[in-house]
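Overview (structure and organization)
Chain residues, written in single-letter form:
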Amino acid sequence: MKYIVLYVLCATMTLLTACGPQNQGLAPEGNHSSGQQTGLETPEQEEPPSSAQSDRPQSGDQSKPIGEMPLVELEPATQPMPVTGTRQGEDPTALAYAEVLTRLLEEHTFPDSQTDDFDGELHSMKENQFAVADVDGDGRRELVIRFVAAELENQRGLVLDWDEAAGTVNIQLDENPGMVFFKNGAVLAQWASNPNKGGAFWPFSLYEYRPELDSYSYVGCVDAWDRSVYPDGYPDQSDRSGTGFVYYLLPDGPRENAEAVDTRDYEDWMQAYVGDGAMMELDYKDLTAENIGALNQEASREQAEAEEPAPG
């Protein structure tokens, strides 16, 4: 099965209109046979991530064969953020998320109490975006925040979950803003930079949703080598398909210690984690008081409609 190949449109920091710094795309029909890289289309055509979160990998043993990368349970990033009580007739999830967004907009504070280091001279808070959707498939809606209105090292991509019983908002994932959500619960997060030989391919980290933890586990990173761009030293022996493109599957260590793998091996590995590669299309909104208010208003209407008695 021809499968997922990740490319980037460009490496600038400028955002497209109404778009955040997501990846350029994934395609179910990635064809390298002619040396041309066919980009896959995401629901939104966006630019590469612009975050300086620490990029995995950093250290570790690279002896694990393909398909046997260990899942790493993520430690809770922060203490959960308590939120105030809900009002009668309104959706508690939406109210909790609105409170988080309001604190970020007005107080420049994330749910983990870190400040956002917003640079008002160079940026506007409306450059940041949020979406509310069930991205992990657990039947509850999560809050996704893409915070980019800051210096590179302070940009963040967050997945937050409302725990109504505890009255807290918990951070499920803290990554770069360039996140792609798959319908089976997996998340792909592009690296802040492309330091190696992948050419237009942009390295990424992959996470798998763990229902028993109600959180994400780190699966590994993917990097690549494009022979058409960097021909010297290209590992032809690993390129069994003759595509001129090989991949590096990095569970937790530096690329220098990893073995190159063929395109088909990479596609099989990706399929094991993202299934058919179906991606979610999130309705991202700019971080403004108006959009936060609309979130509350919509929740109120939905709650009222849900409480209406059935006809007859």
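Read on for an overview of the structure.

Side note on the overall build of the chain
The helix and strand tally for the chain stands at three helices and 15 strands. Residues counted as buried form 52% of the 312 residues belonging to the chain. Of the contacts formed within the chain by residues at least 6 apart in sequence, a portion of 62% connects residues at least 24 apart. A total of about 14,200 Å² of accessible surface is found on the chain, and carbon and sulfur atoms cover 46% of it.

Quick word on the packing of aromatic side chains
Across all of its chains, the model carries ten aromatic pairs by this definition. The structure contains a cluster of three or more aromatic residues connected by ring pairs, namely F201, F204, F245, Y247 and Y266. Over the ring of Y284 we find R146; its NZ or CZ atom is 3.6 Å from the centre of that ring. Over the ring of F110 we find R156, and its NZ or CZ is 4.5 Å from the ring centre.

Describing helix α1 (residues 92-107)
Structurally, the α-helix is built with 3.6 residues per turn, so residues lying three or four positions apart point the same way. With 16 residues, α1 ought to run about 22 Å at 1.5 Å a step, and its terminal C-alpha atoms sit 22 Å apart, in line with that. The buried fraction of α1 amounts to twelve of the 16 residues, a majority that puts the element mostly inside the structure. H108 lies just past α1 and shows a positive phi near 55°.

Points about the pairing of strand β5 (residues 129-133)
For β5, the buried fraction is high: four of the five residues fall into the buried class. Relative to strand β6 (residues 142-147), β5 runs antiparallel, the two sharing five bridges. Paired with Q129 across the strands is R146, a residue of β6. When β5 meets strand β15 (residues 285-286), the two strands line up antiparallel, connected through two bridges.

Details of the pattern of salt bridges
Overall, the coordinates contain ten salt bridges when judged by the stated rule. Where R140 meets D138, a salt bridge forms, and the shortest distance between an N and an O atom there is 3.3 Å. Accessibility expressed as a relative area gives 24% for D138, which makes it partly exposed. Notably, a salt bridge pairs R240 with D265, separated by 3.1 Å at the nearest N-O pair. Remark: D265 occurs in helix α2 (residues 263-274) and R240 occurs in the loop between β12 (215-226) and β13 (245-250); sequence separation between them is 25 residues.

Here's the deal with the pairing of strand β8 (residues 168-175)
Burial analysis of β8 places six of its eight residues in the buried class, which makes it a mostly covered element. Adjacent in sequence and paired antiparallel, strand β7 (residues 156-163) and β8 are bridged by four residues, among which G167 carries a positive phi angle near 70°.

A few points about the nonpolar core
In terms of nonpolar packing, the biggest core is built from 27 residues, with V135, M179, F181, Y216 and L282 touching the most fellow members. Going through the elements one at a time, β5, β9 (179-181), β10 (187-190), β11 (204-210), β12 and β13 are the ones with two or more residues in this core. In terms of residue count, the dominant contributor to this core is β12 (four residues).

Let's talk about the environment of Y209
Take Y209: it is sitting in strand β11. Residue Y209 is classed as buried on the basis of its relative accessible area of 11%. Between the C-alpha atom of Y209 and that of G185, which follows or precedes it by 24 residues, the distance is 5.4 Å. Beyond its immediate stretch of four places on either side in the chain, Y209 contacts D136, D138, Q172, G185, D214, S215 and Y216.

What counts, and at which threshold
- For every chain, the first residue of its written sequence is number 1, and the numbers climb from 1 along that sequence.
- Given that this is a predicted model, residues contribute local features only at a pLDDT of at least 70 and side-chain atom pairs are listed and counted only at 80 or more, while totals for whole chains, interfaces and linings are drawn from all residues.
- Where side-chain values are given, they derive from all heavy atoms of the structure, hydrogens and water being excluded.
- Under the DSSP-based scheme used, a helix requires at least four consecutive residues in state H or I and a strand at least two consecutive residues in state E, with every element numbered from the N terminus.
- Accessibility here uses a 1.4 Å probe with only protein chains present; expressed as a share of the type maximum, an area under 20% marks a residue as buried, one over 50% as exposed, and anything in between as partly exposed.
- Pairs of residues are marked as contacts when any of their non-hydrogen atoms sit within 4.5 Å.
- Throughout, the Shrake-Rupley method with a 1.4 Å probe supplies accessible areas, and for residues the shown protein chains are the sole cover considered.
- Two aromatic rings, drawn from Phe, Tyr or Trp (for Trp, its six-membered ring), form a pair once their centres lie within 6.5 Å of each other, and the interplanar angle then sorts them: stacked below 30 degrees, edge-to-face above 60, tilted otherwise.
- Throughout this description, the term charge over a ring refers to an Arg CZ or Lys NZ atom that lies within 6 Å of the ring centre and within 35 degrees of the ring normal.
- Expected span of a helix: the number of residues minus one, times 1.5 Å.
- Paired strands, as defined in this entry, are two strands with at least two bridges between them according to DSSP.
- Any Lys or Arg side-chain nitrogen found within 4 Å of a carboxyl oxygen on Asp or Glu counts as a salt bridge.
- We define a nonpolar core as any set of buried Ala, Val, Leu, Ile, Met, Phe, Trp, Tyr and Cys residues linked to one another through side-chain atoms lying within 4.5 Å.

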